[in-house]
Amino acid sequence: MSQDKTLKLTALSGILGTGIIFAGSLITAVFYQGRTGQSYSFANHFVSELGEVGVSNMAWVFNYSVIMGSAIIIVYLLGLAWLMRHWIGLIFALLGLVMGVSGLLVGVFPMNNLAAHLVVALTFFNVGQFTTLFFSVYVLFSEKPYFSRTLAIPGLFTTVCFVIFLNLLTAIPNDPSTNFESAMAELFLNRPPVLPLAIFEWLIIAGLMIWVLHTSVHLWRYQRQSIYEPDHTLQIGTATR
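Note that the structure is predicted; figures quoted are calculated from it, not measured. (Residues numbered from 1 in each chain as written. Predicted model: local features only at pLDDT ≥ 70, side-chain atom pairs only at ≥ 80, totals over all residues. Heavy atoms only, no water.)

Draft legend 1. Geometry of the overall build of the protein chain. A tally of helices and strands in the protein chain yields eight helices and zero strands. Secondary structure elements of the protein chain, listed N to C terminal, follow the sequence α-α-α-α-α-α-α-α. A total of 241 residues make up the protein chain; the buried ones form 49% of that total. Relative to all contacts within the protein chain whose residues are 6 or more apart in sequence, the contacts with residues 24 or more apart total 75%. For the protein chain, the exposed surface amounts to about 11,500 Å²; the carbon and sulfur share of it is 70%. (Helix = DSSP H or I, 4+ residues; strand = E, 2+ residues; numbered from the N terminus. Buried < 20%, exposed > 50% of the residue type's maximum accessible area, 1.4 Å probe, protein only. Contact = heavy atoms within 4.5 Å. Areas by Shrake-Rupley, 256 points an atom, 1.4 Å probe, with all protein chains shown as cover.)

What follows is the structure in structure tokens.
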């Protein structure tokens with residue numbers, strides 16, 4: 001595939017994939033009603049609670065949006081890997097595939113299937129931190145004209161959120177499945193108004209969406225500019241460096 005087509009496909013995949021996940025999450029949150037009749041709050045509800053079958057009124061909307069959106073974002077991640085080229089691109093492709101597939105499987109195994117859900121969700125979070133960090137460090141030193149150092153900002157922010165979230169998870173010792181079930185049971189009875197673990201989980205999702213959108217829009221602008229003003233292609237890629 002040519003560079004021009006790859007830029008376009010990568011950009012469109014990132015925009016479409018994040019749009020699907022955002023729309024699905026928002027629709028599900030609006031119609032959410034918890035076990036005690038509570039509305040959804042981004043301050044004290046986990047992301048996966050939106051997809052909990054039997055509790056979330058529109059769990060299917062969230063789960064299908066995660067599956068479809070993640071599948072499209074995998075195309076975006078592989079597009080970035082192709083643009084990186086060589087062994088660096090191969091490493092990023094492997095990281096992106098694991099992160100993307102595990103994210104997709106979150107929709108396949110929602111919270112009501114807790115054992116499988118925890119495996120895929122924790123894989124997503126653990127690999128995700130290295131994926132965003134790898135990309136951010138790469139663009140800081142890359143000489144590719146279609147990448148800009150500004151693309152590292154949302155990636156580094158999201159990496160920090162990943163790290164904080166995973167460190168907060170260490171407060172749940174020993175058997176993750178049993179302790180998570182106990183923690184969730186306690187939340188159902190006495191949910192605090194602010195839950196840092198849930199907040200940082202949502203910050204990760206928000207950071208990822210901003211990262212994908214920011215990168216996609218940048219690549220889209222570069223691709224469009226290179227068509228209509230080919231003499232200025234290099235300037236676009238380096239103007240923000």
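The rest of the description comes next.
Draft legend 2. Representation of empty space enclosed by the protein within the structure. By the definition in use, this model includes one cavity of 30 Å³ or more. Taken together, 26 residues form the lining of the largest cavity, with I21, S70, F124, I205 and L208 sitting closest to its centre. For the lining of the largest cavity, the secondary structure elements donating two or more residues are helix 1 (3–30), helix 2 (59–84), helix 3 (86–108), helix 4 (114–141) and helix 7 (196–228). Each residue belonging to the lining of the largest cavity can be placed in one class, and the counts come to 18 nonpolar, seven polar and one charged. (1 Å grid on protein atoms, 1.4 Å probe; cavity = no way out; pocket = protein on both sides within 12 Å on 5 of 7 lines; lining within 4 Å. Points joined across faces, edges and corners; volume = space filled by probe spheres on them. Nonpolar A, V, L, I, M, F, W, Y, C, P; charged D, E, K, R; others polar.)

Draft legend 3. Summary view of helix 4. The terminal C-alpha atoms of helix 4 lie 41 Å apart, and with 28 residues this matches the ideal 40 Å at 1.5 Å per residue to within 8%. At G128, helix 4 shows its strongest bend, of approximately 30°. (Expected span 1.5 Å × (residues − 1). Bend = angle between axes of the 7 residues up to and from the residue.)

Draft legend 4. Broad picture of the packing of helix 1 against helix 2. Look at helix 1 against helix 2: their axes get within 8 Å of each other, and the N-to-C directions meet at 160°. Comparing their axes, helix 2 and helix 1 come out roughly antiparallel. Note on packing geometry: the crossing formed by helix 1 with helix 2 is left-handed. (Axes fitted to C-alpha atoms, helices over the stretch in contact; angles between N-to-C directions. Parallel < 35°, antiparallel > 145°, perpendicular 65-115°, else oblique. Left-handed = near helix turned anticlockwise from the far one by under 90°.)

Draft legend 5. Structural context of the confidence of the model for the protein chain. In this model, the protein chain carries an average pLDDT of 89, and 88% of its residues clear a pLDDT of 70 or more. Per-element mean pLDDT across the protein chain ranges from 43 in helix 8 (residues 233–239) up to 97 in helix 2. Counting contacts from residues 232–241, a segment whose pLDDT is below 50, to residues more than four positions away or on other chains yields 19 contacts. (pLDDT = per-residue confidence, 0-100.)

Draft legend 6. Focus on the packing of aromatic side chains. Counted under the stated rule, the structure contains 16 aromatic pairs. Each ring, one from F135 and one from F147, has its centre 5.8 Å from the other, and the planes form 85°; the classification is edge-to-face. Remark: F147 occurs in the loop between helix 4 and helix 5 (152–169) and F135 occurs in helix 4; sequence separation between them is 12 residues. Summarising the burial analysis for this pair, F135 and F147 share the class buried. (Phe/Tyr/Trp six-rings, centres within 6.5 Å; stacked < 30°, edge-to-face > 60°.)

Draft legend 7. Expanded view of the packing of helix 2 against helix 3. Put simply, helix 2 and helix 3 touch, their axes get as near as 8 Å, and they point 180° apart. Judged by the angle between their axes, helix 2 and helix 3 are roughly antiparallel. Across the contact of helix 2 with helix 3, the residue classes tally to 18 nonpolar, eight polar and no charged.

Draft legend 8. Structural context of the nonpolar core. Within the largest apolar cluster, 53 residues are counted, with the highest numbers of intra-cluster contacts made by L80, F92, F125, F135, F147, W211 and L219. Considering each element in turn, this core owes the most residues, 11 residues, to helix 7. Not counting residues within four places of it along the chain, the set of residues in contact with F125 comprises F162, F165, L166, E201 and I204. (Core = buried A, V, L, I, M, F, W, Y, C linked by side-chain atoms within 4.5 Å.)

Draft legend 9. Summary view of the side chain of T159. On the secondary structure map, T159 appears in helix 5. Judged by its relative accessible area of 9%, T159 falls in the buried class. A distance of 2.8 Å separates a polar side-chain atom of T159 from the backbone oxygen of G155. What T159 contacts, discounting residues up to four positions off in sequence, is Q129, T132 and L133. (Polar contact = N/O pair within 3.5 Å; in protein donor to acceptor, adjacent residues only side chain to side chain.)

Draft legend 10. Structural context of the pattern of salt bridges. The full count for this structure, using the stated rule, is two salt bridges. Its salt-bridge partner being E52, residue R35 comes within 2.9 Å of it at the nearest N-O pair. Here the residue R35 occupies a position in the loop between helix 1 and helix 2, and E52 occupies one in the loop between helix 1 and helix 2, the gap between them amounting to 17 residues. A relative accessible area of 45% means that R35 is categorised as partly exposed. Residue class for E52 comes out buried when judged on its relative accessible area of 6%. A salt bridge links R191 to E49; the nearest nitrogen and oxygen atoms lie 3.0 Å apart. Remark: E49 occurs in the loop between helix 1 and helix 2 and R191 occurs in the loop between helix 6 (176–189) and helix 7; sequence separation between them is 142 residues. Take R191 and E49: they sit in the same class, and that class is buried. (Salt bridge = Lys/Arg side-chain N within 4 Å of Asp/Glu carboxyl O.)

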